[in-house]
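Spelled out from the first residue to the last, the chains are:
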Amino acid sequence: GILGLLAPGPAWATTPLQYDGGPFLQTFKIYPLYYGNWGTSEITTQQTYVVNLAAYMSGTGAPSGEQPMMKQYGVNQVTVAAAVTASPTAPAAVLTRSAVLNIIHANQKIGKLPAFGPNTLIVVFPAHGFSVTGCNGCGGFHASQSTSAFWAVVPADQEQVVIAHEIFESSADPAVNNFPV
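Rules behind the numbers
Residues numbered from 1 in each chain as written. Predicted model: local features only at pLDDT ≥ 70, side-chain atom pairs only at ≥ 80, totals over all residues. Heavy atoms only, no water. Helix = DSSP H or I, 4+ residues; strand = E, 2+ residues; numbered from the N terminus. Buried < 20%, exposed > 50% of the residue type's maximum accessible area, 1.4 Å probe, protein only. Contact = heavy atoms within 4.5 Å. Phe/Tyr/Trp six-rings, centres within 6.5 Å; stacked < 30°, edge-to-face > 60°. Pairing = 2+ DSSP bridges. Expected span 1.5 Å × (residues − 1). Arc of directions from axis to C-beta. Axes fitted to C-alpha atoms, helices over the stretch in contact; angles between N-to-C directions. Parallel < 35°, antiparallel > 145°, perpendicular 65-115°, else oblique. Left-handed = near helix turned anticlockwise from the far one by under 90°. Nonpolar A, V, L, I, M, F, W, Y, C, P; charged D, E, K, R; others polar.

Asks: Describe in detail the overall build of the protein chain, supporting the description with residues and values.
Replies: Counting its regular elements, the protein chain contains five helices and eight strands. Its helices and strands taken in sequence order, the protein chain reads α-α-β-α-β-β-β-α-β-β-β-β-α from the N to the C terminus. Counting across all 181 residues of the protein chain, residues that qualify as buried make up 46%. Once local pairs closer than 6 in sequence are excluded, the contacts in the protein chain between residues at least 24 apart make up 80%.

Rendered as structure tokens:
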């Protein structure tokens, strides 16, 4: 069930949500980009997880008198766009912030991803073998290019709880690390 999505684990216990004083995403849409060599069943599994997480954040199926944890931050409605893929032959690599933004910008330019906006969260899911740098050993991270250009990156080799953490944190503090590359 939904509680299984958020079961505590080592990553959860050691990486609490952070708030740096930015805006909140009260209503937003997640645009997932599966980058690199993803299998169809892997995308389906990952996409199902993200859709279920968004439903949880929106209060779908919440017991009477209870609400999702992110509701206290004003997060009301989260939806997920259809999965898009890019660069299936890209070799696994360590991705920097600049590399992730280049992936996003290239896919915006060809119409696979929308332009950034105040109700848009672009999440890049690099395939197995990819990792990220620039975040002090983290499994994934979220950042922004401006106060209305929000994105996150979580490689496939990370636990699903890292996805939840980054989406929760993105909704509560999307403009963290707000600087253009």
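Asks: Describe the side chain of N107, listing the residues and the values that go with them.
Replies: Looking at the element boundaries, N107 is found in helix α4 (residues 97-109). Setting aside its immediate chain neighbours within four residues, N107 contacts L33, A86, K112 and L113.

Asks: Describe the packing of aromatic side chains, naming the residues involved and giving the relevant values.
Replies: Each pair of aromatic rings is reported with the distance of its centres and the angle of its planes. Within the structure shown, the criterion is met by six aromatic pairs. Measuring from ring centre to ring centre gives 6.3 Å for F24 and Y73, while their planes differ by 25 degrees; the resulting arrangement is stacked. Of this pair, F24 sits in the loop between α2 (10-14) and β1 (27-35) while Y73 sits in the loop between α3 (40-57) and β2 (77-80); the two residues are 49 residues apart in sequence, bridging distant segments of the chain. A relative accessible area of 33% places Y73 in the partly exposed class. Put simply, the rings of Y34, W38 and F125 pair up and form one aromatic cluster.

Asks: An account of the pairing of β1 is requested, with residue identities and associated values reported.
Replies: Taken together, the four bridges between β1 and β2 define a ladder with parallel strand orientation. Among the inter-strand pairings, T27 is bridged to a residue of β2, identified as Q77. In this sheet, strand β5 (residues 120-126) lies alongside β1 in parallel orientation, the contact comprising seven bridges. Looking at β5, one finds that L33 is bridged to V124.

Asks: Can you explain the pairing of strand β8 (residues 149-153)? Please cite residues and give values.
Replies: Working note: regular strand, side chains alternate between the two faces of the sheet. With respect to burial, β8 is a largely interior element, five of its five residues being buried. Where burial is concerned, the two faces of β8 agree: the one with A149, W151 and V153 and the one with F150 and A152 are both buried. As paired elements, β5 and β8 share four bridges and run parallel to each other. Each residue of the ladder has a partner; that of V123, found in β8, is A152. In terms of strand pairing, strand β7 (residues 141-146) meets β8 through five bridges, oriented antiparallel. Following the sheet pairing, F141 is matched in β8 by V153. Remark: two residues form the turn of the hairpin made by β7 and β8, two consecutive strands paired antiparallel.

Asks: Describe α4, and please don't skip the residues or the numbers.
Replies: With 13 residues, α4 ought to run about 18 Å at 1.5 Å a step, and its terminal C-alpha atoms sit 18 Å apart, in line with that. Within α4, the full set of buried residues consists of R97, V100, L101, I103, I104, N107 and Q108. In an axial view of α4, the angular spread of the buried residues amounts to 155 degrees, which keeps them on one side of the axis. Away from its buried face, by an angle of more than 90 degrees, α4 presents the exposed residues N102 and K109. Positive backbone phi, approximately 85 degrees, marks G111, located one or two places after α4.

Asks: Quick rundown of the packing of α3 against helix α5 (residues 160-172)? Include the residues and the values.
Replies: Contact geometry of α3 with α5 gives a least axis separation of 11 Å together with a crossing angle of 40 degrees. The orientation of α3 relative to α5 falls into the category oblique. As for how α3 packs across α5, the hand of that crossing is right-handed. Touching Q46, Y49, V50, L53, Y56 and M57 of α3 are Q160, V161, I163, A164, I167, F168 and S171, all from α5. Here the contact of α3 with α5 is built from residues that sort into ten nonpolar, three polar and no charged.

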